[in-house]
Amino acid sequence: MNILDRYILKEFIKIFLLILVSLTGLYLIADFFERMRMFLSNNATLGQMVSYSFLNIPMILSQMIPVTTLLGALLSFGILSKSSEITAMKANGVSLYRISLPIIILSFTICIAAFLLSEFITPYTTQKVKYIKLVEIQKREKLGSFKQNQIWYRGKNGIYNFSMFDPQTNTLKGIRINLFDRGMNLYERIDAKEARWEDGRWVFRNLLVTTFPKGGFPSLEKIPSRVIDLPESPSDFMAVQKDTGEMGLVELNRFIKKTRSEGYETTRYRTDMYGKIAFPLVSVILAILGISFSLRSERSGGVSQSIGTGIIIGFSYWIVFAFAISLGRSGTIPPVIAAWAANFIFGIAALLMFMRVKT
């Protein structure tokens, strides 16, 4: 690494860290005031509020790193261009591709760091944030756990076991319910393919009900559909079911394999899994976009316009990414295509723009 590389990296890192800290701080302040009503209505302690905000930082960083990389590249190269330092480098025989190389290499490092953050730290802190909100602040009693990719829940009338709970549709799948009397004697077991929360009640489908009479033999009964009067509502299971953001890539892949082996649809989860792989790579794409826009004009008059245009295109990535992910979750397009569509579109655009830069 020569002096020029160190100088460019120093300018980029300085701007990158300043923007990252500023955006993270603004997010924390906005989120704190948005949650203020929840904190006050539940008499949350200062420690709970601080813990809630602090543990949100890894999730915020994972979301802010790509846009910070974009702004860092735009501003650092824009400043170098405005002060004619880019022109001086070109006059000494250094091409713009060579000038950009340190930032591009560093953006790959940022991608790896963002992936490791989202894989090993963010799932744990997201779980803790959820626990603080639902159990410690809102005082919901946690009666279940998510173990071996299944939900185990101690209900008021028995012990429930579910393969999964979909909070989007309020649907339980792979249900096994063991009901006990006051003497803790098993008197009925309910196995069902799924149960959906409809009009304030649980509607079970494809049931197999096993009754255990005292002193007699168990009896089996198959029922297409029945309303089961469970005292729990969907909100009681939300504190137990892990969302995709609370699982790392390995855990999510294991959950998908198990769920598919049981015959349940996993399109939504596969889309999110591929999205976890594709999203960190956007830092490189946005860095190249930022460099390309800032170098379109080496005179000060075009810097502001290039930065504004670059930011608009950079933020539009999230619109395309979110739209493609929603199509993938609904099954409209394959999950892999949904996760990588935005990267492919913006990656091609970034390469074309970078190749058109006058070196």
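Each remark here, short or long, concerns the structure printed above.
As the structure is a computational prediction, the values presented were derived from the model and not from experiment. (Residues numbered from 1 in each chain as written. Predicted model: local features only at pLDDT ≥ 70, side-chain atom pairs only at ≥ 80, totals over all residues. Heavy atoms only, no water.)

## Some points on a nonpolar patch on the surface
In step 1: On the surface, a cluster of nonpolar side chains totalling about 400 Å² of accessible area is made up of F108, I277, L281, V336 and W340.
In step 2: Inspection of the secondary structure puts V336 in helix α11 (residues 335–355).
In step 3: Owing to a relative accessible area of 39%, V336 belongs among the partly exposed residues under this scheme. (Patch = residues over 30% accessible without salt bridge, like charges linked within 9 Å, V, L, I, M, F, W, Y side chains within 5 Å. Areas by Shrake-Rupley, 256 points an atom, 1.4 Å probe, with all protein chains shown as cover. Salt bridge = Lys/Arg side-chain N within 4 Å of Asp/Glu carboxyl O. Helix = DSSP H or I, 4+ residues; strand = E, 2+ residues; numbered from the N terminus. Buried < 20%, exposed > 50% of the residue type's maximum accessible area, 1.4 Å probe, protein only.)

## What about the pattern of salt bridges?
In step 1: If you walk through the whole model with that rule in mind, you get ten salt bridges.
In step 2: Between K14 and E11 there is a salt bridge whose closest N-O contact spans 3.6 Å. Here E11 and K14 lie together in helix α1 (residues 3–41), a separation of three residues that amounts to about one turn.
In step 3: Judged by its relative accessible area of 48%, K14 is partly exposed.
In step 4: For E11, a relative accessible area of 15% puts it in the buried group.
In step 5: When the shortest N-O distance is used, the salt bridge between D272 and R329 registers 2.8 Å. Taken as a pair, D272 in helix α8 (residues 267–278) and R329 in helix α10 (residues 303–330) lie far apart in primary sequence, 57 residues in all.

## What to know about the packing of aromatic side chains
In step 1: In this structure the tally under the stated criterion is 18 aromatic pairs.
In step 2: Relative to W202, the ring of W197 has its centre 5.1 Å away and its plane inclined at 65°; by these criteria the two rings are edge-to-face.
In step 3: Overall, W202 belongs to the buried group, its relative accessible area being 0%.
In step 4: In this structure an aromatic cluster arises from ring pairing among Y153, Y160, F162, F165, W197, W202 and F237.
In step 5: Over the ring of Y269 we find R268, and its NZ or CZ is 5.1 Å from the ring centre. (Phe/Tyr/Trp six-rings, centres within 6.5 Å; stacked < 30°, edge-to-face > 60°. Lys NZ or Arg CZ within 6 Å of the ring centre and 35° of its normal.)

## So, the nonpolar core
In step 1: Residues F77, I291 and Y317 are the most contacted members of the largest nonpolar core, which totals 48 residues.
In step 2: When contributions to this core are tallied by element, the ones reaching two or more residues are α1, α3 (57–82), α4 (85–91), α5 (96–137), α9 (282–294), α10 and α11.
In step 3: Ranked by residues supplied to this core, first place goes to α3 with ten residues.
In step 4: Leaving out residues up to four positions away in the same chain, Y317 has contacts with F279, V282, A342, N343 and F346.
In step 5: Ranked by size, the runner-up nonpolar core spans 30 residues in total, among them F146, W202, L249 and F255. (Core = buried A, V, L, I, M, F, W, Y, C linked by side-chain atoms within 4.5 Å. Contact = heavy atoms within 4.5 Å.)

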